[in-house]
2 protein chains.
Amino acid sequence: MNSLTQHTVKSFDDELHALTAKLAAMGGQAEQIIDQAVTALANDDLALASQVIADDALLDQAQREVDDMAISLLARRQPMAQDLREILSAIRISAELERVGDMGKNIAKRVVAMSGTNHPSKLYRGLQALSELARTQLKDVLDAYASRSVDRLAYLRDRDNQIDAMYTSLFRELLTYMMEDPRNISTCTHLLFCAKNIERIGDHATNVAEILYYIVTGQQLDHHRAKDDETHRVTGMPIA
Amino acid sequence: MNSLTQHTVKSFDDELHALTAKLAAMGGQAEQIIDQAVTALANDDLALASQVIADDALLDQAQREVDDMAISLLARRQPMAQDLREILSAIRISAELERVGDMGKNIAKRVVAMSGTNHPSKLYRGLQALSELARTQLKDVLDAYASRSVDRLAYLRDRDNQIDAMYTSLFRELLTYMMEDPRNISTCTHLLFCAKNIERIGDHATNVAEILYYIVTGQQLDHHRAKDDETHRVTGMPIA
């Protein structure tokens, strides 16, 4: 194709498609960042942790590109109704995915602090299970977004509650390890924050699901789901 | 004034003014939520903690109203250039302020878990100083937004670094208390998460400052400041 046969002005649909394709790519990057961050943690892999931190910077850059594309579309095309919602939602979803990347980066940075110390692998098992659930949640939410399907929104909300419950259970478990042996305190504190980061990935996925609902229906979900975990209820534990 | 003398169609400027006034009110509510949450924590005041949780729901509602106003403005007025940026930024800033409210709510919920247990007040002092700094930061950022002034952006960024440094220092201190006496573990863990919530308020304030820069200049800040704390560097502390 030479320059004469190229369309120099894309159609609105083409531009919208490019925007959502960019978002889909961001989603894939975010999933990978989570996966690699938790793998780096479990394997004490400092090289992989560094890679995660570098990849998060690429995700930040992708967010700025999505925003610029969206704002340019808004300014030039002045879309209405669902097209307007699509574009506003792209800005919101890119922000959620950028935050997911930050959660991965936060975990990767803690790998450094915990490196070289000998810790029982049981400390990591719960975290891996939690991250597996959060990553599945993110993937399913992004699939729902790709197909503009709101059929499974109730199911996805239920699963966010599962993530919260698993996180609270892990919180208790880590607290118990700390009480059993004060030498675990430093590591378990880092793991508590890693677990919290993963729980927040679930929240970001649920936010994307709510944005999807808005795109499809034009309505904001009225009931604002609690974005917090339940660990504030963990109290008065016996000291082992 | 009777109905005949009322303007039924507001000017664009009036609508924009109503939008930013609503945001300013949200900012005031967010500041109050933080203040009351930390006061409730320091005074073991369960009634005030409940109030904070109720107030956060009002802030969530205000966010939805700002979004609806902004989207309606975009659809009807199809603004360009700085007007477009103003409206998009209102959506972003309301999201940041809603998250600040969530941070206050998270702290209030932990007041319940920690209630009735006897803890040395020294555990709370660092938290109060941190929250004072974060609240001042939020107030100054909102003042800068109200006057559309980017003069102090560098200063505000520096102060976010101060918040991060104070948080890291508090993190170390709380870890030390845990190691000194395992009976402190449960409370100190809750306080660690409260401190993290306050540190994140500083991040949200800085995000608002960056959005302000975008409104005024039309440029996104290229260098994405690290949104993370430095506690991942806290490692290998001696056990008392």
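Parameters and conventions
- Residues numbered from 1 in each chain as written.
- Chains lettered and ligands numbered in written order.
- Predicted model: local features only at pLDDT ≥ 70, side-chain atom pairs only at ≥ 80, totals over all residues.
- Heavy atoms only, no water.
- Helix = DSSP H or I, 4+ residues; strand = E, 2+ residues; numbered from the N terminus.
- Buried < 20%, exposed > 50% of the residue type's maximum accessible area, 1.4 Å probe, protein only.
- Contact = heavy atoms within 4.5 Å.
- Areas by Shrake-Rupley, 256 points an atom, 1.4 Å probe, with all protein chains shown as cover.
- Axes fitted to C-alpha atoms, helices over the stretch in contact; angles between N-to-C directions.
- Parallel < 35°, antiparallel > 145°, perpendicular 65-115°, else oblique.
- Nonpolar A, V, L, I, M, F, W, Y, C, P; charged D, E, K, R; others polar.
- Expected span 1.5 Å × (residues − 1).
- Polar contact = N/O pair within 3.5 Å; in protein donor to acceptor, adjacent residues only side chain to side chain.
- Phe/Tyr/Trp six-rings, centres within 6.5 Å; stacked < 30°, edge-to-face > 60°.
- Lys NZ or Arg CZ within 6 Å of the ring centre and 35° of its normal.
- Salt bridge = Lys/Arg side-chain N within 4 Å of Asp/Glu carboxyl O.
- Left-handed = near helix turned anticlockwise from the far one by under 90°.

Quick word on the overall build of chain A
Thought 1: What chain A contains, in helices and strands, is 6 helices and 0 strands.
Thought 2: Taken from the N to the C terminus, the helices and strands of chain A come in the order α-α-α-α-α-α.
Thought 3: Buried positions account for 56% of the 240 residues belonging to chain A.
Thought 4: A separation threshold of at least 6 residues defines the contact pool for chain A, and within that pool the share at least 24 residues apart is 83%.
Thought 5: As displayed, chain A offers around 9,900 Å² of accessible surface, 52% of which is attributable to carbon and sulfur atoms.

Re the packing of helix α3 (residues 81-114) of chain A against helix α6 (residues 185-217) of chain A
Residue and element names in this part refer to chain A.
Thought 1: Interhelical geometry of α3 versus α6 gives an angle of 170° and a closest axis separation of 9 Å. Taken as axis vectors, α3 and α6 run roughly antiparallel relative to one another.
Thought 2: For the contact of α3 with α6, the residue count by class is 17 nonpolar, 9 polar and 7 charged.

Looking at the side chain of Asn197 of chain A
Thought 1: Looking at the element boundaries, Asn197 of chain A is found in helix α6.
Thought 2: Setting aside chain neighbours within four positions, we find Asn197 of chain A in contact with Met103, Asn106 and Ile107 of chain A.

Some remarks on helix α2 (residues 46-77) of chain A
For an α-helix the count is 3.6 residues per turn, leaving residues at separations of three or four pointing the same way.
Residues and elements named next belong to chain A.
Thought 1: The end-to-end C-alpha distance of α2, which contains 32 residues, comes to 46 Å, matching closely the 46 Å that a straight helix rising 1.5 Å per residue would cover.
Thought 2: Capping of α2 at its N-terminal end is provided by Asp45; its side-chain oxygen lies 3.2 Å from the backbone amide nitrogen of Ala47.
Thought 3: Once α2 finishes, Gln78 follows within two positions and takes phi at roughly 45°, a positive value.

Topic: the packing of aromatic side chains
Thought 1: Going through the model one piece at a time under the given rule, you end up with 5 aromatic pairs over all chains.
Thought 2: Here the aromatic rings of Phe193 of chain A and Phe171 of chain B are separated by 5.8 Å at their centres, their planes lie at 50°, and the arrangement is tilted. In this pair, Phe193 of chain A is assigned in helix α6 and Phe171 of chain B in helix α5 (residues 153-180), connecting two distinct chains.
Thought 3: The exposure class assigned to Phe171 of chain B is buried, which follows from its relative accessible area of 1%.
Thought 4: Ring centres of Phe193 of chain A and Phe193 of chain B lie 4.8 Å apart, and the angle between their planes is 10°; this geometry places the pair in the stacked category. Of this pair, Phe193 of chain A sits in helix α6 while Phe193 of chain B sits in helix α6 (residues 185-217), on two different chains.
Thought 5: A relative accessible area of 4% places Phe193 of chain A in the buried class.
Thought 6: Connected via pairs of aromatic rings, a cluster forms that spans Tyr167, Phe171 and Phe193 of chain A together with Tyr167, Phe171 and Phe193 of chain B.
Thought 7: Stacked on the ring of Tyr214 of chain A, the Lys or Arg Arg92 of chain A has its end atom at 5.5 Å from the ring centre.

A few points about unusual backbone geometry
Thought 1: Residue Arg148 of chain A is not a glycine yet carries a positive backbone phi of 50°.
Thought 2: With respect to the helices and strands, the residue Arg148 of chain A is situated in the loop between α4 (122-146) and α5 (153-180).
Thought 3: Overall, Arg148 of chain A belongs to the partly exposed group, its relative accessible area being 23%.
Thought 4: The phi torsion at Gln78 of chain B lies on the positive side, around 45°, for a residue other than glycine.

Details of the pattern of salt bridges
Oppositely charged side chains are able to pair whenever their charged atoms sit close together.
Thought 1: Throughout the structure, instances matching the rule amount to 30 salt bridges over all chains.
Thought 2: Here Arg76 of chain B makes a salt bridge to Glu15 of chain B, at a shortest N to O gap of 2.6 Å. One end of the pair, Arg76 of chain B, is in helix α2 (residues 46-77); the other, Glu15 of chain B, is in helix α1 (residues 12-43), with 61 residues separating them in the sequence.
Thought 3: Here Arg183 of chain B ties to Asp181 of chain B by a salt bridge, and the two come within 2.8 Å at their closest N and O atoms.
Thought 4: The exposed category is assigned to Arg183 of chain B, whose relative accessible area is 62%.
Thought 5: When salt bridges with common partners are traced through the structure, they connect Asp56, Arg99, Asp102 and Lys105 of chain A into a single cluster.

Considerations on the packing of α1 of chain B against helix α3 (residues 81-114) of chain B
All names here are of chain B.
Thought 1: Orientation of α1 relative to α3, taken along the N-to-C sense of each, is 20°, at an axis distance of 9 Å. One element, α1, and the other, α3, form an angle in the roughly parallel class. For the pair α1 and α3, the crossing hand works out as left-handed.
Thought 2: A breakdown of the residues in the contact of α1 with α3 according to their chemical character gives 20 nonpolar, 5 polar and 4 charged.

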